[in-house]
Amino acid sequence: MGVKGLWQLLLPTGRRISIETLAGKTLAIDASIWLVQFIKVNRDPETGKVNSAAHIIGFFRRICKLLYHNIRPVFVFDG
């Protein structure tokens, strides 16, 4: 999935920025990546079962953080 070798191509120009620098801007978000992250992280430590609300909890928390910093999220659902 994605463009093969893209990260190696972008590595020399990429840099980390603080979330505060995005205040007042619109941010495009790959929703499928977020979903996969939430499902992988939100598992029951004893059984390994995925929390049935992992995607809802994860989206809600991240959206709240973006809105708190005055960042307008636009979600992209591709594929």
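Residues numbered from 1 in each chain as written. Predicted model: local features only at pLDDT ≥ 70, side-chain atom pairs only at ≥ 80, totals over all residues. Heavy atoms only, no water.

Peer 1: How should the overall build of the protein be read in this particular structure?
Peer 2: Helix and strand counts for the protein come out as three helices and two strands. A compact globule built from 79 residues would reach a C-alpha radius of gyration of about 12 Å, whereas the protein, at 15 Å, exceeds it by more than 25%. With the C-alpha coordinates of the protein rotated into their principal frame, the extents come out at 40 × 35 × 25 Å. Classification of the 79 residues of the protein by burial places 14% in the buried group. Put simply, of all contacts in the protein between residues at least 6 apart along the chain, 72% involve residues at least 24 apart. Approximately 6,900 Å² of the protein is accessible, and the part contributed by carbon and sulfur atoms is 61%. The distance from the centre of the 11 positive side-chain charges to the centre of the 5 negative ones in the protein is 6 Å. (Helix = DSSP H or I, 4+ residues; strand = E, 2+ residues; numbered from the N terminus. Rg over C-alpha atoms; globule rule 2.2 N^0.38 Å. Buried < 20%, exposed > 50% of the residue type's maximum accessible area, 1.4 Å probe, protein only. Contact = heavy atoms within 4.5 Å. Areas by Shrake-Rupley, 256 points an atom, 1.4 Å probe, with all protein chains shown as cover. Lys, Arg positive; Asp, Glu negative; His and termini not counted. Charge placed at Lys NZ, Arg CZ, Asp CG, Glu CD.)

Peer 1: Which parts of the structure should I look at to understand the nonpolar core?
Peer 2: Soluble, globular proteins show a tendency: their nonpolar side chains are buried together. The biggest cluster of nonpolar side chains holds seven residues, and these are Ile29, Ala31, Trp34, Phe38, Phe59, Leu66 and Ile71. Every element with two or more residues in this core is listed here: helix H2 (31-41) and helix H3 (54-68). Broken down by element, the residue count for this core peaks at three residues, all from H2. Every residue in contact with Trp34, bar those within four places of it in the chain, is listed here: Ile29, Phe59, Arg62, Ile63, Leu66 and Phe75. (Core = buried A, V, L, I, M, F, W, Y, C linked by side-chain atoms within 4.5 Å.)

Peer 1: Please explain a nonpolar patch on the surface as it appears in this structure.
Peer 2: Judged by side-chain polarity, Val3, Leu6, Trp7, Leu9 and Leu10 come together as a nonpolar surface patch covering roughly 560 Å² of accessible area. For Leu10, the location among the structural elements is in helix H1 (residues 6-10). (Patch = residues over 30% accessible without salt bridge, like charges linked within 9 Å, V, L, I, M, F, W, Y side chains within 5 Å. Salt bridge = Lys/Arg side-chain N within 4 Å of Asp/Glu carboxyl O.)

Peer 1: When you look at the environment of Leu27 in this model, what are you seeing that I'm missing?
Peer 2: Within the element layout of this structure, Leu27 appears in strand E1 (residues 26-30). Sequence separation of Leu27 and Ala53 is 26 residues, and the distance between their C-alpha atoms is 24 Å. Once residues lying within four places of it in the same chain are set aside, the contact partners of Leu27 are Leu22, Leu66, Ile71, Arg72, Pro73 and Val74.

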